[in-house]
Amino acid sequence: MEIYTRLLGYTKLYRSKILISVICSLIVGGSTAVSAMIVKDVVDTIFMNKDRVMLAYMPFIILALIAIKGLASFGQVYSIETVGQRVILRIRNELYQQLHRLSLSFFSAHQTGTLVSRITNDVQLLQTAAANLISEAIRQGFTAAGLLCVVFYRHWKLALIALLVLPVAMGIVTFFGRKMRRTSHSLQGKMAKINDLLYEKISGIRIVKAFDAGQIETERFSQVLNGYFRSALRVVRINAVNSSLSEALGGIGVAGVVWYGGYEVINGITTPGTFFSFITALLMLYEPLKRLSKFNIKLQQALAAAERVFQILDTKPVIKEKAYARELPIVKDCIRYEQVSFQYEDTPVLQDVSFTAQVGHVTAFVGLSGAGKSTLLSLLPRFYDPSEGRITLDGIDTRDVTFRSLRRQLGIVTQEVILFHDTVASNIAYGVKDCPMGRIIQAAKIANAHEYIQKLPQGYDTPIGERGTRLSGGQRQRLAIARAILKNPPIIILDEATSSLDSESEKLVQDAIANLMKERTTLVIAHRLSTIRKADRIIVLDRGRLIESGTHHELLTKGGVYARLYETQMLPGNEERGMPGD
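In this text, all values refer to a predicted model and were calculated from it rather than measured experimentally. (Residues numbered from 1 in each chain as written. Predicted model: local features only at pLDDT ≥ 70, side-chain atom pairs only at ≥ 80, totals over all residues. Heavy atoms only, no water.)

1. Concerning the overall build of the protein chain
In terms of helices and strands, the protein chain carries 19 helices and 10 strands. Taking 582 residues into account, the globule formula puts the C-alpha radius of gyration at 25 Å, and the protein chain, at 35 Å, lies well above it. By principal-axis analysis of the C-alpha atoms, the protein chain measures approximately 120 × 50 × 45 Å. For the protein chain, with 582 residues in total, the buried portion stands at 46%. Once local pairs closer than 6 in sequence are excluded, the contacts in the protein chain between residues at least 24 apart make up 78%. As presented, the protein chain carries roughly 30,300 Å² of accessible surface, and 58% of it is formed by carbon and sulfur atoms. Distance between charge centroids for the protein chain: 8 Å, based on 69 positive and 51 negative side chains. (Helix = DSSP H or I, 4+ residues; strand = E, 2+ residues; numbered from the N terminus. Rg over C-alpha atoms; globule rule 2.2 N^0.38 Å. Buried < 20%, exposed > 50% of the residue type's maximum accessible area, 1.4 Å probe, protein only. Contact = heavy atoms within 4.5 Å. Areas by Shrake-Rupley, 256 points an atom, 1.4 Å probe, with all protein chains shown as cover. Lys, Arg positive; Asp, Glu negative; His and termini not counted. Charge placed at Lys NZ, Arg CZ, Asp CG, Glu CD.)

2. Quick look at the sheet that holds strand β5 (residues 396–397)
The strand order β2-β1-β4-β5 describes an open sheet built from four strands, whose pairing is antiparallel. Since the sheet does not close on itself, it has two edges, and those belong to β2 (347–358) and β5, each with one partner. Of the pairings in the sheet, the one linking strand β1 (residues 334–344) to strand β4 (residues 388–393) comprises five bridges and is antiparallel in character. Across the sheet, Arg336 pairs through a bridge with Thr392, a residue of β4. (Pairing = 2+ DSSP bridges.)

3. Notes on the sheet that holds strand β8 (residues 521–525)
Each strand in a sheet pairs with its neighbour through backbone hydrogen bonds, running either in the same direction (parallel) or in the opposite one (antiparallel). In space, the six strands of this open sheet follow the order β6-β7-β8-β3-β9-β10, with mixed pairing throughout. The sheet terminates laterally at β6 (410–414) and β10 (545–550), the two strands that pair on one side only. The mean inter-strand angle of the sheet, taken between neighbouring strand axes irrespective of direction, is 15°. Where strand β7 (residues 491–495) lies against β8, five bridges are found, and the strand directions are parallel. Residue Asp495 lies in a different strand from β8, and its bridge partner there is Ile525. (Axes fitted to C-alpha atoms, helices over the stretch in contact; angles between N-to-C directions.)

4. Notes on the environment of Asp196
As for its position among the elements, Asp196 is in helix α7 (residues 166–203). Put simply, Asp196 and Thr114 are 82 residues apart on the chain and 5.9 Å apart in space, counted from C-alpha to C-alpha. Setting aside residues up to four positions removed in sequence, Asp196 forms contacts with Gln111, Thr112, Gly113 and Thr114.

5. Here we look at the domain arrangement of the protein chain
Parsing the protein chain into structural domains produces domain 1 (1–155 + 272–318), domain 2 (156–269) and domain 3 (334–570). Distance between the C-alpha centres of domain 2 and domain 3: 53 Å. (Domains from an automatic or database assignment.)

6. Considerations on the packing of helix α14 (residues 437–446) against helix α16 (residues 473–487)
Direction vectors running N to C along α14 and α16 enclose 125°, while the axes themselves pass 8 Å from each other. Judged on the interaxial angle alone, α16 and α14 are oblique. Our pair here, α14 against α16, has a crossing hand that is right-handed. Facing α14, whose interface residues are Arg439, Ile440, Ala443, Ala444 and Ile446, α16 presents Ala482, Ile485 and Leu486. Considering only residue class, the contact of α14 with α16 consists of seven nonpolar, no polar and one charged. (Parallel < 35°, antiparallel > 145°, perpendicular 65-115°, else oblique. Left-handed = near helix turned anticlockwise from the far one by under 90°. Nonpolar A, V, L, I, M, F, W, Y, C, P; charged D, E, K, R; others polar.)

7. Focus on the pattern of salt bridges
In this structure the tally under the stated criterion is nine salt bridges. Across the pair Lys322 and Asp400 runs a salt bridge whose closest N-O atoms are separated by 2.5 Å. In this pair, Lys322 is assigned in the loop between α10 (272–313) and β1 and Asp400 in the loop between β5 and α12 (403–407), connecting sequence segments 78 residues apart. With relative accessibility at 46%, the residue Lys322 sits in the partly exposed group. Of the charged contacts in the structure, one is a salt bridge between Glu327 and Arg408, with a shortest N-O distance of 3.3 Å. Taken as a pair, Glu327 in the loop between α10 and β1 and Arg408 in the loop between α12 and β6 lie far apart in primary sequence, 81 residues in all. Residue Glu327 is classed as partly exposed on the basis of its relative accessible area of 46%. (Salt bridge = Lys/Arg side-chain N within 4 Å of Asp/Glu carboxyl O.)

8. So, α14
Among the residues making up α14, those that are buried are Ile440, Ala443 and Ala444. Down the axis of α14, the buried set is contained in an arc of 100°. They therefore lie on one face. Backbone geometry just downstream of α14 places Asn448 in the positive-phi region, at approximately 55°. (Arc of directions from axis to C-beta.)

9. Details of unusual backbone geometry
Positive phi, normally seen in glycine, also occurs at Arg382, with a value near 65°. Relative to the assigned elements, Arg382 resides in the loop between α11 (373–378) and β4. Taking the relative accessible area as the measure of exposure, Arg382 reaches 3% and is therefore buried.

Here it is, written out as structure tokens:
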């Protein structure tokens, strides 16, 4: 009930349209009731008493009723459907905005396909509840109320006989409604699994083909589909049984009415017109009652979807901006990590890390895989917050400033380049509204990307495919660098940006990185130690702890972990290209 009340809360802004719908529903219900009422006049006055005057008027009365009912039905459906569509529009917007507010830890814990399923499939079911079901409930509810008045007005004893089955019918509706809600919840969960599998395998189709795993994946997908199929069949069975039992109970009621009503007509207690008027209203009454029964089944499906949607809307971001967060001025002195520790769930990742990165300097981070380098720099833009300690910029805690003012000072280029299925120009200007083409071209030239962009079929207007799949690795990396250059941030974070490129592409990318680093504070994660020899400071991490720091020469002199790593990479055959600008 709480979920349904919450859904109805979205309709408060549209009271006027709901009022129009209610008025139109009253007219529909009233005209339906009048249609049943005039059956008595048709039978008793026209057929039994041979009234020619009534015969002349009756067709026009029927046509008028049809016209009134048709217009009112249109007004009712259009107004309530408009409300439903606006409610769904609002929920979809809220859901998408909420996804952007949630912390990265939320996305680490949920598969992409599941989230997409909730925004698409679950919201689609909600659309059914917010539009079709509300429309059906209002119209059929008023129609049933009007016809109920007719049957009691015509013959209250027959009405009671007909409605003796109603308590049983209500029990059946309630029972199958609860069953449907549980089954629908399971069905939607299995649809989410289908989306998870599709997203994962389509995005990794190269690996699937490389390992000739098409048959394996087909069988796995078939298993997931069969699970969905079995749940879908349970939904069908519940609908079919509910519908059949409703029909059977309605038939029992009609049989009782025909027996008792026929007895009264034969004995002259009731006129044929009264009986036929009653039986017409009764048969017309069963139709909205059946629809309302199906309404409850569909409503339970929608409420199951609503639970999943509201679960996301009610999730609180782990990383929050303070209510009175301040604007961060341009950093002019230093970035300082003070006794920073971080753990993911119960696993320690960083432990008591402290260092200072001076503005205008290059600070490099090295260490074996899993040492915590990427996590360390993910704390700076507040993708995560430290479990202990703090990070300051010119003495201001990052948790005390707005997200926007913090992140607009940071440019990030990673090994895994994230590009969007859009044009080259749109990807370079991502996050910048109404960016002049001249700025885009200038950024591309600085990033050594302009030459290859001009050779593309449509130049800067060329779509690059999902995640930039129509470009080479070096081309994608230079596009990401151009994006960072256009943003023009004072602080650059480079996360192993050249580790997976061939020599020719790496040279172009390193030159682009050198242009990006000019007159900026740079924090760089290095896989190839030869690329950071000119760094102002090198910080060595091991198992989440800072174990060494200094310049390249100082660390070689110490003969510690850095020196051993460097010597290993400098063995014959392992020589690496130098730092950008060497």
